[in-house]
Amino acid sequence: KDHFPISDISQSSKEALHIDFLPLKGGGLLPSENITVKNCRFDNVASGIGTHHYGFGKQEKNISVQSCTFQNLQYNCINAYSMVNLSVSGCTADNCPVFLWCCSTECKLNANVVRDCGEKCISINENRTAWLRNNQLSHIGTGTGNATAVLVGDSSCVIVNNAISDVGTQALSLATQV
């Protein structure tokens, strides 16, 4: 298991493990594809895994985060901007303001355990398809943020067999554009 210790990262867009574009000779950017992050531990960092590319017109593809642990983060466990086919499964997060901030075209969350999120546990925006299955979300929304366990915007969403408990204001807040 890899362990990402405390660092001097101070902004939410500074991920301990950043998924980036590859600059091409002569210009242009090549997005990352087929990346698996498995059995890693992120402890006392600003943000855990992700990318903060949005609006470049290119997307990372087939990103899988499996069995990772996030603890005592300052911002987001996973920043998923501009990704296609993101899968997050079997992860545990404790004492983190946001588990997942997702602006992707497909997002699948399965069998994750998230406790003590002070703001938004999961924020999924501008998605085409989102699946939330078999997740355990508890003690969510007790901080100063929106206090929403799940926020889904402009999406089709399947929510099946999740356990949600001890939520500050709303368990699920679904907002889609018409």
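Keep in mind that what you see is a predicted model, and the values were worked out from it rather than measured.

Enquirer: Is there a simple way to explain the nonpolar core in this structure?
Expert: Here is a general trend for soluble globular proteins: nonpolar side chains tend to be buried in one another's company. Residues Phe70, Leu86, Phe99, Leu100 and Ile122 are the most contacted members of the largest nonpolar core, which totals 34 residues. With residues up to four places along the chain from it excluded, the contact list for Leu100 reads Ile78, Ala80, Leu86, Cys107, Leu109, Cys121, Ile122 and Ser123.

Enquirer: What is the right way to read the pattern of salt bridges from this model?
Expert: Side-chain pairs of opposite charge can arise where the charged atoms are in close proximity. If you walk through the whole model with that rule in mind, you get two salt bridges. The shortest N-O distance in the salt bridge between Arg41 and Asp43 comes to 3.7 Å. Residue Asp94 pairs with Arg115 through a salt bridge whose shortest N-O separation is 2.6 Å. Of this pair, Asp94 sits in strand 12 (residues 92-94) while Arg115 is found in strand 15 (residues 113-117), placing the two residues 21 residues apart along the sequence. Residue class for Asp94 comes out buried when judged on its relative accessible area of 17%.

Enquirer: Even after reading the chapter, I still don't get the state of the cysteines, so can you show me in this structure?
Expert: Simply put, the disulfide is a covalent bond whose two ends are the sulfur atoms of two cysteines. Counted according to the given criterion, the structure contains zero disulfides. Cys107 forms no disulfide, and the closest cysteine sulfur to it belongs to Cys102, at a distance of 3.6 Å.

Enquirer: Where do I start with the packing of aromatic side chains in this structure?
Expert: Within a pair of aromatic rings, the relevant descriptors are the distance that separates the centres and the angle that separates the planes. According to the stated counting rule, one finds two aromatic pairs in the structure shown. Each residue in the set Phe42, Phe70 and Phe99 is aromatic and connected to the rest through ring pairs, giving one cluster. Sitting over the ring of Trp131, Lys108 keeps its end group 4.8 Å from the ring centre.

Enquirer: In this structure, what is going on with unusual backbone geometry? I would like to understand it.
Expert: What is expected of a backbone is that most residues other than glycine have negative phi and most peptide bonds are trans. For Asn62, which is not glycine, the phi dihedral falls at a positive 55°. Classification of Asn62 by relative accessible area gives partly exposed; the value is 33%. Even without being glycine, Asn72 reaches a positive phi, approximately 60°.

Enquirer: How should I be thinking about the sheet that holds strand 14 (residues 106-110) in this particular structure?
Expert: The strands making up a sheet are joined through hydrogen bonds of the backbone, oriented either antiparallel or parallel. Spatially, 5-8-11-14-17-20 is the arrangement adopted by the six strands of the open sheet, whose pairing is parallel. Because the sheet does not close on itself, it has two edges, and the strands there are strand 5 (33-38) and strand 20 (156-160). Across the sheet, the mean angle from the axis of one strand to that of its neighbour is 5°, orientation sign disregarded. For strand 5 and strand 8 (residues 60-66), the ladder comprises five bridges, and the chain directions are parallel. Residue Thr36 lies in a different strand from strand 8, and its bridge partner there is Ser64.

Enquirer: What is the right way to read the pairing of strand 15 from this model?
Expert: Put simply, side chains in a regular strand alternate between the two faces of the sheet. Bridge analysis of strand 12 against strand 15 gives three bridges, and the strand direction is parallel. Opposite Ala93, over in strand 15, you have Val114 as the bridge partner. Looking at chain direction, strand 15 and strand 18 (residues 136-140) are connected through four bridges and run parallel. Of the residues in strand 18, the one forming a bridge with Val114 is Leu137.

Enquirer: I keep staring at the environment of Thr105 and nothing clicks. Help me out?
Expert: One can find Thr105 in the loop between strand 13 (98-103) and strand 14. Residue class for Thr105 comes out buried when judged on its relative accessible area of 12%. Spatially, the C-alpha atoms of Thr105 and Lys61 are 9.9 Å apart, while their sequence positions differ by 44 residues.

Enquirer: Is there a simple way to think about a nonpolar patch on the surface in this case?
Expert: A cluster of nonpolar residues, Leu22, Leu24 and Leu30, forms a patch on the protein surface that exposes about 260 Å² of accessible area. Inspection of the secondary structure puts Leu22 in strand 3 (residues 22-23).

Cut-off values and rules
Residues numbered from 1 in each chain as written. Predicted model: local features only at pLDDT ≥ 70, side-chain atom pairs only at ≥ 80, totals over all residues. Heavy atoms only, no water. Core = buried A, V, L, I, M, F, W, Y, C linked by side-chain atoms within 4.5 Å. Buried < 20%, exposed > 50% of the residue type's maximum accessible area, 1.4 Å probe, protein only. Contact = heavy atoms within 4.5 Å. Salt bridge = Lys/Arg side-chain N within 4 Å of Asp/Glu carboxyl O. Helix = DSSP H or I, 4+ residues; strand = E, 2+ residues; numbered from the N terminus. Disulfide = S-S within 2.5 Å. Phe/Tyr/Trp six-rings, centres within 6.5 Å; stacked < 30°, edge-to-face > 60°. Lys NZ or Arg CZ within 6 Å of the ring centre and 35° of its normal. Pairing = 2+ DSSP bridges. Axes fitted to C-alpha atoms, helices over the stretch in contact; angles between N-to-C directions. Patch = residues over 30% accessible without salt bridge, like charges linked within 9 Å, V, L, I, M, F, W, Y side chains within 5 Å. Areas by Shrake-Rupley, 256 points an atom, 1.4 Å probe, with all protein chains shown as cover.

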